[in-house]
Amino acid sequence: MIRFDAVSKAYPDGTVAVDELSLTAPSGQITVLVGPSGCGKTTSLRMVNRMVEPTSGTITIDDRDVTSVSATDLRRGIGYVIQHAGLFPHRTVVDNVATVPLLTGTGRRQARRRAIELMELVGLPASFADRYPAQLSGGQQQRVGVARALAADPPVMLMDEPFSAVDPVVRDQLQQEFLRLQGELGKTILFVTHDIDEAITLGDRVAVLAVGGRLAQVAAPADLLATPADPFVAEFVGRDRGYRALGFISAEVAVATEPTVALGAPVARAHDVAVDDWVLVVDDGQLPQGWLHLRAHPDGGPGPAPGDPVTPDLLNLGGTLSALGGTLREALDAALSSPSGRGVVVDEDGRLIGSVRAGTVLEHLHAATADPSAQVRP
Ligand SMILES: Nc1ncnc2c1ncn2[C@@H]1O[C@H](COP(=O)(O)OP(=O)(O)OP(=O)(O)O)[C@@H](O)[C@H]1O
């Protein structure tokens, strides 16, 4: 557990970057520090590994004051990941990952073997080992940065905007893989971001800081969305917080049976089962392929003749898929993005279970919000 006890930092020019911060980051969890630019997030993080010394207050890791050990020893037990990964440009990927083990006397062969295992753990092929950082994409460099921070197997990780420099799609991937990794490793993580969506996706707990280094609120993401402590937090979490809170409510919505036709079947068969002229098309394995409309071609022309087979070019792109046991937000999004208005619900292998309409989700919502036990992690 990392604990800040009335920690303040005033820089020599008088700037108060952090003001009487008291906060705990529980062991094995991700605690996110989020807030607008200049609110003291990075300063707070760097006081943990003593890259910045507090003006007053104490920081402990597992009840040990960070100032009671030398900065070098302290940092051996703390992984540190920063934006743009901060890799050594003239060292290969594998040497970057093995930096700390090599410094602490691990033999070269063993350090290299472990580094390659870590690369695989963060989703990098071993064939990248002898490349240089400049030969990797931004997202791949970030993975190297995470692997490097994990190399000394530190119980604590400090992460400062590690995914900010990559595009939104890669960022989403990195976030999901990071959550999977944390599910396996259970590190104590303090994570800095200015992006409230990232904070809500990743945090077990989210601490919102206001400019001047004041802690405005610390809460679980669902509580932050549901009950912001003051107008600043409400404004910061954003306008659609009510909608985003649906991402924390499990969708135990009744799933309706959805009639289907198989790819290759005659269109006439679709006429027998269509609801509002729409039929869901699946492949042999019951994986949804798209929606067939009986009276209109996706290009705008007339619908298919009954004797034609159902072919991929006749299909409208499906909406998002909702996984069984997922959240109300996913279920509602599936319904709203589906051309038929019926959101497709699938099992963990992506096979069709049935469908759900937006109206059903909203009816369910009232009951679910009245029952706090329905709240889940995304
Ligand atoms: N070395 C320094 N000397 C003087 N002021 C500093 C120094 N480092 C940071 N500051 C100031 O302290 C405040 C907090 O800075 P910090 O970098 O911790 O904020 P941040 O929340 O991480 O910001 P950002 O999201 O923009 O990175 C800012 O007003 C900043 O200008």
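Please read all numbers here as calculations on a predicted model, not as lab measurements.

1. Re unusual backbone geometry
Moving on, step 1. In this structure, Asp63 is a non-glycine residue whose phi angle is positive, near 70°.
Moving on, step 2. If you trace the backbone, Asp63 turns up in the loop between β4 (56-61) and β5 (64-65).
Moving on, step 3. Within the chain, Asp276 stands out as a residue other than glycine whose phi angle is a positive 55°.
Moving on, step 4. For Asp276, the position within the fold is in the loop between α12 (267-273) and β12 (278-282).
Moving on, step 5. Exposure remark for Asp276: the relative accessible area of 55% places this residue in the exposed category.

2. Quick word on the site of the ligand
Moving on, step 1. The ligand sits among Tyr11, Asp13, Thr15, Ala17, Pro36, Ser37, Gly38, Cys39, Gly40, Lys41, Thr42 and Thr43.
Moving on, step 2. Contact between the ligand and Tyr11: a nitrogen atom at 3.5 Å from a side-chain N or O atom of the residue.
Moving on, step 3. Side-chain polar atom of Thr42 to an oxygen atom of the ligand: 2.8 Å apart, as the coordinates give it.
Moving on, step 4. Within the shell around the ligand, the residues separate by chemical class into four nonpolar, six polar and two charged.

3. Focus: the domain arrangement of the chain
Moving on, step 1. By the assigned domains, the chain splits into domain 1 (2-244) and domain 2 (260-368).
Moving on, step 2. Summarising the inter-unit geometry, the C-alpha centres of domain 1 and domain 2 are found 41 Å apart.

4. Considering the packing of aromatic side chains
Moving on, step 1. Here the structure, examined in full by the defined rule, presents four aromatic pairs.
Moving on, step 2. Plain terms: the ring middles of Phe163 and Phe191 are 5.9 Å apart, the flat faces sit at 50° to each other, and that makes the pair tilted. Taken together, the residues span a long stretch of sequence, with Phe163 in the loop between β7 (156-160) and α7 (168-185) and Phe191 in strand β8 (residues 188-193) at a distance of 28 residues. Each member of the pair Phe163 and Phe191 is classed as buried.
Moving on, step 3. Ring geometry for Phe232 versus Phe236: centroids 6.1 Å apart, planes at 20°, classification stacked. Remark: Phe236 and Phe232 occur in helix α10 (residues 231-237); sequence separation between them is four residues, near one turn of the helix.
Moving on, step 4. The class for Phe232 is partly exposed, based on a relative accessible area of 27%.
Moving on, step 5. When its relative accessible area of 17% is taken as the criterion, Phe236 is described as buried.
Moving on, step 6. An aromatic cluster is built from Phe163, Phe178 and Phe191, whose rings are joined through pairwise contacts.

5. As for the sheet that holds strand β9 (residues 205-210)
Two modes of strand pairing occur in sheets, parallel and antiparallel, and in both the strands are linked by backbone hydrogen bonds.
Moving on, step 1. Pairing in this open sheet of six strands is mixed, and the strands run β6-β7-β8-β3-β9-β10 from one edge to the other. In the strand order of this sheet, the two ends are held by β6 (78-82) and β10 (214-219), each with one partner. Neighbour-to-neighbour, the strand axes of this sheet turn through a mean angle of 15°, independent of strand direction.
Moving on, step 2. Examined bridge by bridge, strand β3 (residues 30-34) and β8 share five bridges and lie parallel to one another. Each bridged residue has a counterpart across the sheet, and for Val34 the counterpart in β8 is Thr193.

6. A few points about the nonpolar core
Moving on, step 1. Counting residues in hydrophobic clusters, the biggest one holds 49 residues, and the most contacted among them are Val97 and Phe191.
Moving on, step 2. Per-element accounting of this core gives the leading share, five residues, to helix α6 (residues 138-150).
Moving on, step 3. Sequence-distant contacts of Phe191, that is, excluding residues within four places in its chain, are made with Ile30, Thr31, Val32, Leu33, Met159, Pro162, Phe163, Phe178, Glu198 and Leu202.
Moving on, step 4. In terms of nonpolar packing, the next biggest core, distinct from the first, is built from 26 residues, Ala25, Cys39, Val69 and Leu190 among them.

7. A short note on the pairing of β10
Moving on, step 1. Where β9 lies against β10, five bridges are found, and the strand directions are antiparallel. Following the sheet pairing, Ala207 is matched in β10 by Val218.
Moving on, step 2. Two successive antiparallel strands, β9 and β10, enclose a turn made up of three residues, where Gly212 displays a positive phi of approximately 100°.

8. A look at the layout of surface pockets
Moving on, step 1. Of the voids in this model, the second largest pocket is the one considered here, and its volume is about 540 Å³.
Moving on, step 2. The wall of the second largest pocket is formed by 20 residues, among which Arg75, Arg76, Ile78, Tyr80 and Val100 lie closest to the centre.
Moving on, step 3. Those elements that place two or more of their residues in the lining of the second largest pocket are α2 (71-76), β6, α4 (99-103) and α6.
Moving on, step 4. Of all the elements, α2 adds the most residues to the lining of the second largest pocket, at four residues.
Moving on, step 5. Partitioning the lining of the second largest pocket into residue classes produces 10 nonpolar, seven polar and three charged.

Rules used in this analysis
- Residues numbered from 1 in each chain as written.
- Predicted model: local features only at pLDDT ≥ 70, side-chain atom pairs only at ≥ 80, totals over all residues.
- Heavy atoms only, no water.
- Helix = DSSP H or I, 4+ residues; strand = E, 2+ residues; numbered from the N terminus.
- Buried < 20%, exposed > 50% of the residue type's maximum accessible area, 1.4 Å probe, protein only.
- Near = heavy atom within 4 Å.
- Polar contact = N/O pair within 3.5 Å; in protein donor to acceptor, adjacent residues only side chain to side chain.
- Nonpolar A, V, L, I, M, F, W, Y, C, P; charged D, E, K, R; others polar.
- Domains from an automatic or database assignment.
- Phe/Tyr/Trp six-rings, centres within 6.5 Å; stacked < 30°, edge-to-face > 60°.
- Pairing = 2+ DSSP bridges.
- Axes fitted to C-alpha atoms, helices over the stretch in contact; angles between N-to-C directions.
- Core = buried A, V, L, I, M, F, W, Y, C linked by side-chain atoms within 4.5 Å.
- Contact = heavy atoms within 4.5 Å.
- 1 Å grid on protein atoms, 1.4 Å probe; cavity = no way out; pocket = protein on both sides within 12 Å on 5 of 7 lines; lining within 4 Å.
- Points joined across faces, edges and corners; volume = space filled by probe spheres on them.

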